[in-house]
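Analysis of the macromolecular model
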Amino acid sequence: MDRLDKVISESGLLSRRECRNYIRMRRIWVDGRPASSADMKVDSSAVIEIDRKRVVVKRRIVALLNKPAGYVTSTSDPRDRTIMELIPEEYRMMGLFPVGRLDKETEGLLVMTNDGDLAHRLISPKRGIRKVYYAKYDGELTEADIEAFREGIVLKDGTRCLPSDISRFREGCLVTVREGRYHQVRRMMASRKLFVTYLERLMEGDLSLGSLERGHFRELDENEEKQLFMEEIPLPNA
Ligand code: URA
């Protein structure tokens, strides 16, 4: 639910001031009735008319999905279930797309938005926003592995990754990376003979999943959106 004037102005149809004037002149209708005030709350299914013409309002959305295993990070796929199936009905037509991707079997934090600029800023290598993963694995994590991550892992194909962190955590490990290469964590760990059996993204920037349950989706507020670009909360200790 958002304010009517916010929804209309963010769609570029009228400024907030114009919106207030139009409402006064009964030129904006919501669900078949004249809009009562600029701050009335509307949801994404509201029918909004300006001068008797229905307008399509595209609200900017930044949201979080707690992705379960078994879904591909794609807006459509001929074979597999996609993350779009986990998005509530009222958000399906809002042009949401995932920011970056998690492998089919990887679980956890996935940001979704319809704001191309935000997506761009989040994945930009210049910003190097951290992503924290919890992994279970077969193999033995040694001090040499920890050092190799710190220096920058060289993948099998010769790609040199940026310096990263790995530390023991619960019955697995925590891995922090600042880039988003294909299968990155699995490949980095495999290069040290650590074979991932379970992978979950816990954090992006300072944002974590909080109480959002697996398979669930919710919008982020402005503060949470800012957390994506901050890194002030220390990582849990090993
Ligand atoms: N690294 C991986 O290997 N897989 C993911 O899904 C994300 C990061």
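So, here is what we can say about the structure in this document.

Time to look at a positive patch on the surface. A surface patch of positive charge is lined by Arg 16, Arg 17, Arg 20 and Arg 24. With respect to the element layout, Arg 20 can be found in helix 2 (residues 16-24). Of the residues examined, Arg 20 reaches a relative accessible area of 39% and is grouped as partly exposed.

A few words on the site of the ligand. Around the ligand sit Leu 102, Asp 103, Thr 106, Tyr 133, His 183, Gln 184, Val 185, Arg 186 and Leu 199, and those are all the residues in its vicinity. Within the backbone of His 183, an N or O atom sits 3.2 Å from an oxygen atom of the ligand. Considered on its own, the ligand offers 240 Å² of accessible surface; in the complex 96% of this is hidden by protein. In the shell around the ligand, the residues fall into four nonpolar, three polar and two charged. If you count residues domain by domain, the shell around the ligand takes at least three from each of domain 2 (60-125 + 209-231) and domain 3 (130-204).

What follows deals with the sheet that holds strand 6 (residues 53-54). Judged by pairing direction, the sheet is antiparallel, and its four strands sit side by side in the order 3-2-5-6 without closing on themselves. Single-partner strands in this sheet number two, and they are strand 3 (33-34) and strand 6.

The rules we used
- Residues numbered from 1 in each chain as written.
- Predicted model: local features only at pLDDT ≥ 70, side-chain atom pairs only at ≥ 80, totals over all residues.
- Heavy atoms only, no water.
- Patch = residues over 30% accessible without salt bridge, like charges linked within 9 Å, V, L, I, M, F, W, Y side chains within 5 Å.
- Areas by Shrake-Rupley, 256 points an atom, 1.4 Å probe, with all protein chains shown as cover.
- Salt bridge = Lys/Arg side-chain N within 4 Å of Asp/Glu carboxyl O.
- Lys, Arg positive; Asp, Glu negative; His and termini not counted.
- Charge placed at Lys NZ, Arg CZ, Asp CG, Glu CD.
- Helix = DSSP H or I, 4+ residues; strand = E, 2+ residues; numbered from the N terminus.
- Buried < 20%, exposed > 50% of the residue type's maximum accessible area, 1.4 Å probe, protein only.
- Near = heavy atom within 4 Å.
- Polar contact = N/O pair within 3.5 Å; in protein donor to acceptor, adjacent residues only side chain to side chain.
- Nonpolar A, V, L, I, M, F, W, Y, C, P; charged D, E, K, R; others polar.
- Domains from an automatic or database assignment.
- Pairing = 2+ DSSP bridges.

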